[in-house]
Amino acid sequence: MSKKKSLFSYSEKFEKKENKPNEQIIKHLKAESKKGKILFITSSSEAVIANQLGFDVTVVDSDLNVIKEGKKHNLNINYQYTDFFNFSKRIKKDEFNLILDNSYSNLLLRSKLPKYYKEIGRILKYNGNMISKILSTDDSYCQKHCPKRHWTTIGDYHLNYFDKKQIYKILRKFGFIINKYEIIKNKNTYHLLNSTMKAMKL
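Position labels on residues start from 1 in each chain and follow its written sequence. The predicted origin of the model limits local features to residues at a pLDDT of at least 70 and limits the giving and counting of side-chain atom pairs to 80 or more, whereas totals for whole chains, interfaces and linings rest on all residues. Excluded from the side-chain calculations are hydrogens and water; all other atoms, namely the structure's heavy atoms, are used.

A.B. asks: Whenever I open this one, the confidence of the model for the protein chain confuses me. Can you help?
C.D. replies: Low pLDDT means the predicted atomic positions in that stretch should not be read closely. Averaged over all residues, the pLDDT of the protein chain equals 89, while 90% of them reach at least 70. pLDDT measures how confident the predictor is about each residue, on a scale from 0 to 100. The helix count covers DSSP runs of H or I at least four residues long, the strand count covers runs of E at least two residues long, and both are numbered beginning at the N terminus. Considering each helix and strand of the protein chain separately, the mean pLDDT is smallest for helix 1 (residues 7-10), with a value of 38, and largest for strand 1 (residues 37-41), with 98. Across residues 1-17, where pLDDT falls below 50, the model places 38 contacts with residues more than four positions away in sequence or in other chains. The contact criterion used throughout is that any non-hydrogen atoms of two residues lie within 4.5 Å.

Structure representation (structure tokens):
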């Protein structure tokens, strides 16, 4: 019997970890006036750049190999081997100045998105920013395999795609004001958004 393929080995087109830093994301990082605490939800090469720019960087990722490799080369970055929800349970309110969602929202069932964004809103400071990199329904893989329903399963993974209207609706619902929006087209097609937490906190 052939080995079951995971989401990230299924297609050479889709890669969880991109080796080359994304220039658009780096521009957003450089534009941040306050170099405080930043959380990367799943590892990315931009975390190293953020550390070099003066941010206090935390990376949360459930891929042990990624965590081990990161710790070998980037001792100034706080790597946490766990998933986001287990991590956020241990984090106090208003902990981070900036959060980067590296397509983690695409891996969640849509029923879990409200909990996800509530937790982000809790641990992100008021007026803190979130950079979101989210797979788009315009992605060629989505257009080919799930053009109408906008979700698919690959191995044990459930993968969602979102259109611009959906992303705006979700972020606004949970208290975010969108500052900038653009489309990234590399191997995959992504929404890239910079938004600010404006929900009143008790």
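A.B. asks: Would you explain the pairing of strand 3 (residues 78-81) in this entry?
C.D. replies: Within a regular strand, the side chains alternate between the two sheet faces. Strands qualify as paired when DSSP identifies two bridges or more between them. The sheet contact formed by strand 2 (residues 56-61) and strand 3 spans 4 bridges and is parallel. Within strand 3, the position partnered with Thr-58 by the bridge is Asn-78. Handedness of the β-α-β unit built from strand 2, helix 4 (residues 64-73) and strand 3 comes out right-handed. Look down the strands so they point away from you; if going from the first strand over the helix to the second traces a clockwise path, that crossover is right-handed.

A.B. asks: Can you help me understand the side chain of Asn-160 in this one?
C.D. replies: Take Asn-160: it is sitting in strand 7 (residues 157-160). Between N or O atoms, a polar contact is any pair within 3.5 Å; within protein, one atom must be a potential hydrogen donor and the other a potential acceptor, and residues adjacent in sequence are included only when both atoms are from side chains. One polar contact links the side chain of Asn-160 to the main-chain carbonyl oxygen of Leu-108, over a distance of 2.5 Å. Among the polar contacts made by the side chain of Asn-160, one reaches the side chain of Arg-110 at a distance of 2.9 Å.

A.B. asks: In this structure, what is going on with the nonpolar core? I would like to understand it.
C.D. replies: Side chains of nonpolar character tend, in soluble globular proteins, to be buried together. What is meant by a nonpolar core is a set of buried Ala, Val, Leu, Ile, Met, Phe, Trp, Tyr and Cys residues, joined one to another through side-chain atoms within 4.5 Å. Throughout this description, buried means an accessible area under 20% of the type-specific maximum (1.4 Å probe, protein chains only), exposed means over 50%, and partly exposed covers the range between. Core analysis: the biggest nonpolar cluster contains 29 residues, and Leu-39, Ile-41, Phe-84, Tyr-116, Tyr-117 and Ile-120 have the highest contact counts within it. Of all the secondary structure elements, the ones that give two or more residues to this core are strand 1, helix 5 (84-89), strand 4 (96-102), helix 6 (113-123), strand 5 (124-135), helix 8 (164-173), strand 8 (176-185) and strand 9 (189-197). Here this core takes 5 residues from helix 6, the largest share from any one element. By size, the runner-up hydrophobic cluster in this structure holds 25 residues, among which are Ala-47, Val-59, Ile-154 and Leu-159.

A.B. asks: Would you explain the sheet that holds strand 5 in this entry?
C.D. replies: Note on sheets: strands pair through backbone hydrogen bonds, and any given pair is parallel or antiparallel. Here 7 strands make up an open sheet; going across it, the order is 3-2-1-4-5-9-8 and the pairing mixed. The sheet is open, and its two edges are formed by strand 3 and strand 8, each paired on a single side. Sheet twist, expressed as the average angle between the axes of neighbouring strands with direction ignored, equals 15 degrees. Helix axes use the C-alpha atoms of the stretch in contact, all axes being lines fitted to C-alpha atoms, and the angles between their N-to-C directions lie in the range 0 to 180 degrees. On top of the sheet, helix 8 reaches strand 5, strand 8 and strand 9; it is set at about 150 degrees to strand 8, its chief contact.

A.B. asks: Looking at this structure, how should I read unusual backbone geometry?
C.D. replies: Trans is the common state for peptide bonds, and a negative phi is the common state for residues other than glycine. Even without glycine at this site, Asp-94 takes up a positive phi of about 60 degrees. Exposure remark for Asp-94: the relative accessible area of 28% places this residue in the partly exposed category.

A.B. asks: It is not clear to me how the packing of aromatic side chains should be interpreted in this structure. Could you clarify?
C.D. replies: Working definition: an aromatic ring pair is given by the centre-to-centre distance plus the angle between the planes. Put simply, two rings from Phe, Tyr or Trp (the six-membered ring, in Trp's case) pair if the centres are within 6.5 Å, and we call them stacked under 30 degrees between planes, edge-to-face over 60, tilted for the rest. What the rule picks out here adds up to 9 aromatic pairs. A ring pair is formed by Phe-84 and Tyr-116, whose centres lie 5.2 Å apart and whose planes are at 75 degrees; its orientation type is edge-to-face. Here Phe-84 is found in helix 5, whereas its partner Tyr-116 is found in helix 6, with 32 residues between them in sequence. Judged by its relative accessible area of 1%, Phe-84 is buried. On the numbers, 6.1 Å between centres and 20 degrees between planes, the contact of Tyr-117 with Phe-174 is stacked. Of the two residues, Tyr-117 is situated in helix 6 and Phe-174 in the loop between helix 8 and strand 8; the sequence distance between them amounts to 57 residues. We classify Tyr-117 as buried; its relative accessible area is 2%. Here a set of aromatic residues connected by ring pairs shows up, and it is made of Phe-84, Phe-85, Tyr-104, Tyr-116, Tyr-117 and Phe-174. Taking NZ or CZ as reference, Arg-149 lies 4.2 Å from the ring centre of Trp-151, over its face. Ring-over charges, as used throughout, are those where CZ of Arg or NZ of Lys falls within 6 Å of the ring centre and within 35 degrees of the ring normal.

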